[in-house]
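# Observations on the three-dimensional arrangement
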Amino acid sequence: MTETLLELSGLTKHFPVLGGLVFKRQVARVHAVDGIDLTVGAGETLGLVGESGCGKSTTGRLVARLLEPTAGTIRYQGRDITHASRRQLRPVRTDIQMIFQDPYSSLNPRQTVGKIIGGPMELNGIEPSGGLQRRVQELLETVGLNPEHYNRFPHEFSGGQRQRIGVARALALSPKLIVADEPVSALDVSIQAQVVNLLQQLQRDLGIAFLFIAHDLAVVRHFSQRVAVMYLGKIVEIGDRQAIYERPRHPYTHALLSAVPEVELPTDGERRERIRLAGDVPSPIDPPSGCRFRTRCWKAQDKCATEVPPLARIEGNTEGHLTACHFPEEPTVHGRDVVIDPALA
Amino acid sequence: MFRFLLRRIAGAALILLIISAVTFFLFYAVPRDPARAFCGKICPPANLALIRHNLGMDDPLFVQYWHWLVGIFAGRDLVQFGACPAPCLGYSFATQETVFSAILDRLPVTVSVTLGAAVVILTFGIGTGMLAAWQQGRPVDKVASASSVIGASLQIYFVGPILVFFIVDSMGLLPRPAYRAFTENPLDWFVHLLIPWVVLAMIFTANYTRMTRSTMVEQLAEDYVRTARAKGMSGPTVFLRFAWRGAMIPIVTIFGVDLATLLGGAIITEQTFTLHGIGELAVRAVQNTDLPMLLGVTLIGAFAIVMLNIVVDVLYAVIDPRVRLA
Amino acid sequence: MTTVTWDREQPASRGPGPFLSVRDLSVRFATEDGVVHAVDRLSFDLEKGTTLGIVGESGSGKSVSNMAILGLHDPAYTTLDGEIWLEDTELLGAGPGTLERLRGDRVAMIFQDPLTSLSPYHTVGRQIAETYRKHRKAGKAEARARAIEMLDRVGIPQARTRVDDYPHQFSGGMRQRVMIAMALVCDPDLLIADEPTTALDVTVQAQILDLLADLQQQFGTSIILITHDLGVVARTAHQVLVMYAGRSIEQGTVQEVLREPRHPYTWGLLGSMPKLRSNVDLPLLPVRGTPPSLLAPPPGCPFHPRCDHPALVGSDVCFTERPELSPAEGHRDACYLTLAQKREIFDGQIKERL
């Protein structure tokens, strides 16, 4: 096992919902992230998948320390940085960088590309040998952009190129961990692949660890060695790529996988399972008691409403494959139908 | 909805309290001494002291404010003038009548001028704007847009006398502007106020034309308007039932903001046409440093604006169901 | 067709053919920067009860071409050429009255974002009912009953009470069901679904796609499904049409296009998508460069600046002359490579990497 870079334990983020007469007060809480534990090793890629409202983006922002957690701890290289002040954070901030989903709004339109990429270095007092401009141009080249475009503005680039600028900015401080929040979902398919390849190549060449957040299960599988599946603020299943994609145990993981529209037409004799849930994800303001998936689960029993299933290695799981379920599924993705949706019955 | 209203009314009361406090303390910071004005040209110091005492001016300022505030709800006894029943805003230093009855006397004039102008603004402003949006890019649109700009650049005290000269003096189409009680003869009321309405409305109408046009054009590009067309709704239905509903929200918002300006405009209009409304009262109170009257007029104006804004908020909820639950 | 006497627009007639036939459709927009060639001589047929998947990236003209079928473009800035035949009615030349009666009745449409596509100011019941009242001349009570029936059919629980709710009171997936209920209220012959699941979560997407397929089986509706996701096409479509820079560059059955793609751009699309079972150690096969500007599309084959194979063609036709779809029938594509070359490249270099 490699060195542990990042360790989250019991990490929780609740957002207040305000309301009330005359004076605003908190009337409810959005349980965006509700006690998650996970680790990311040095140079490793951990994928975080889930549907909207599952808390994957909030988790990323907590790790990048853009949000203050409600409870729990974040450890980086063994140091507790959960509530570290700005000054204490300084060395860590350069180590953890973020890439955002929207390449249009995450770049300052009034700054040149040189300024956008070089800015963080100046801010952190880093003086690269050979000068700032040289270093920025190197970075532009690394992400596949023309180094001569140093003085151009973001609007002069296409969507995919802008995302490359975002990647170069993240690389500028030689980070050890990059939190990539849906880095390709705003891009066209043909461009998406360019950026995925670029990130993968950087990961291999530079040994940077990634927390890769995406809703697209195929992209996550392609990019991540380990994968965590989130549902309504909790991790329901975590394990290496093979465990999650070939031998999933949590019913929600099964449902997610079977919902992915695959390009490959089914071959003869092979049938992947078809699971159709009913309804949408419940509101994270008032999540179901016990197991949060129980309201949409075909295996739910009384126990699921009263007892929160622990995220643990259940019988039949390989090392490091943890599932939070009282009544887990068989570890296969083949051969049966579960259709709960009344309109499809 | 009820909770929403309750919250808004509580908020409004707070705002009114703040406004009254600020104006009260500001006005009493004015260096002119009202007691001296009462006292006359030759004023022995003893008289002055007595008047001050009778006016309650030897109490600390916040005690005076408190008395004044209590008076609004409970009435008070003012030595200088006699009893002042609730709602008591004090006596005018200049005319010795109670401020409240003076305002009550003039209120119908100002309300008539303002409401009438508001109707003219909304019908013509929104009407022309909708016409321009419907005929987008065609000559009607361009004429409507251009004429609204001309309207906006004219001034009440300039257009007013000109209109009176042509329409009243030269052509005799309408009587000279004056106030006639609505309750006695509505038609008389209408024809006498028509010119002031049009003149006051002119500066606002242009804005509403422009805004209605642009929000309608924006709404017509909305996804749900496209859906309405895609399901076969006719042009007028799409325009009136779908796009117009969304366009109303910004218009209502701006109208809420404009109400204060409209009241200000009403004052100028009253002066221009020598109508005896609250505007005249306010101007005279300023000239005479008539503090109780000034306070009263300010508070009534603020009250009107705050209340009308609650009406605007309720309108929001009526127009947009998403506001109802928030 | 029933003949309405007050209708002055006489529909042109023609013999039997496919249910929907689009011939040489071109759409051009006048903008401040110049003329945008959004759609360039697009042709396709659609048989009754089948689904055609139109695939393309943003700006490929896939949405625009279908707005033209319903006449939903702004006539002040748009020029249309070609023919669109819905059975024996030609739609491009039809007057606004004909199109208005057609929309929502014989041809219905659903859109990408169900939140912005439904009116926030009216209850869902009213929005569904008004379509029915307009086209079926139904009374208020009858239309309301129909709305409840439709909501129930698309799987909205407690349809009887939810009919009086507003769109913002529904979740994303339920909103799209409301859209579908609204589109199908008059039993249309053709449903145009423009990215119907792009804004939805993956489990909800699966429900909606299955629902569309179910409803198609029940009512025999033809569907044009516009999407950027080949996976969605693979799951739902019978025929596929791949668009690039306003043109159709490959069309055929789902099996033909997805199993034996012929156009280099289709290879690029397939190679760009990670799959649930592909080899993760191989990098994806993206298309290099970026899609062209439709203000000044490249001469010749619009894909040539991003294509790896023009050298194999032997002459410079790729750069100068626009390739037409060939052969005339069946699995067609617009590329100058010979069929043998395409097979060789696909089998030799692409297939194993997908």
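Bear in mind the structure is a predicted one, so any value in this text is a computation, not a measurement.

Rules and cut-offs
Residues numbered from 1 in each chain as written. Chains lettered and ligands numbered in written order. Predicted model: local features only at pLDDT ≥ 70, side-chain atom pairs only at ≥ 80, totals over all residues. Heavy atoms only, no water. Pairing = 2+ DSSP bridges. Helix = DSSP H or I, 4+ residues; strand = E, 2+ residues; numbered from the N terminus. Contact = heavy atoms within 4.5 Å. Axes fitted to C-alpha atoms, helices over the stretch in contact; angles between N-to-C directions. Buried area = accessible area lost by both parts, 1.4 Å probe. Salt bridge = Lys/Arg side-chain N within 4 Å of Asp/Glu carboxyl O. Parallel < 35°, antiparallel > 145°, perpendicular 65-115°, else oblique. Nonpolar A, V, L, I, M, F, W, Y, C, P; charged D, E, K, R; others polar. UniProt positions renumbered as here; feature names shortened; annotations may be inferred.

## Overview of the sheet that holds strand S12 (residues 322–323) of chain A
All names here are of chain A.
- Here seven strands make up an open sheet; going across it, the order is S6-S7-S8-S3-S9-S10-S12 and the pairing mixed. Here the strands that pair on one side only, and so sit at the sheet edges, are strand S6 (96–99) and S12.
- Sheet analysis places strand S3 (residues 45–49) next to strand S8 (residues 209–214), joined by five bridges and oriented parallel. For Leu46, the partnering residue across the bridge sits in S8 and is Leu211.
- The strands touched by helix H2 (residues 86–95) are S6 and strand S7 (177–181); relative to S6, the strand with the most contacts, the crossing angle is about 50°.

## Points about the interface of chain C and chain A
- Taken together, the contacts link 52 residues of chain C with 45 residues of chain A.
- Of the roughly 4200 Å² buried between chain C and chain A on both sides combined, carbon and sulfur atoms contribute 56%.
- A per-residue breakdown of the area chain C buries against chain A is headed by Leu276(C), Arg277(C) and Val280(C), which together make up 20% of the total.
- There are five salt bridges connecting chain C and chain A.

## Considerations on the packing of helix H5 (residues 99–134) of chain B against helix H11 (residues 278–287) of chain B
Residue and element names in this part refer to chain B.
- At a closest axis distance of 7 Å, the pairing of H5 and H11 adopts a crossing angle of 130°. Between H5 and H11, the angle falls in the class oblique. Here Ala102, Ile103, Arg106, Leu107 and Thr110 of H5 come into contact with H11, specifically with Ile278, Gly279, Glu280, Leu281 and Arg284.
- In terms of residue class, the contact of H5 with H11 is built from five nonpolar, two polar and three charged.

## Concerning the UniProt feature "transmembrane region" (unreviewed entry) in chain B
All names here are of chain B.
- Feature annotation in UniProt places "transmembrane region" (unreviewed entry) on residues 12–30, 113–134, 146–169, 189–209, 247–268 and 293–319, given in this structure's numbering.
- With 88% helix and 0% strand, the stretch residues 146–169 has end C-alpha atoms that lie 29 Å from each other.
- Helix makes up 100% of residues 189–209 and strand 0%. Its end C-alpha atoms lie 27 Å apart.

## What about the UniProt feature "domain: ABC transmembrane type-1" (unreviewed entry) in chain B?
- The UniProt entry lists residues 107–316 of chain B under the feature "domain: ABC transmembrane type-1" (unreviewed entry), expressed in the numbering used here.
- When the span residues 107–316 of chain B is considered, its composition is 83% helix and 0% strand, and the gap between its end C-alpha atoms is 28 Å.

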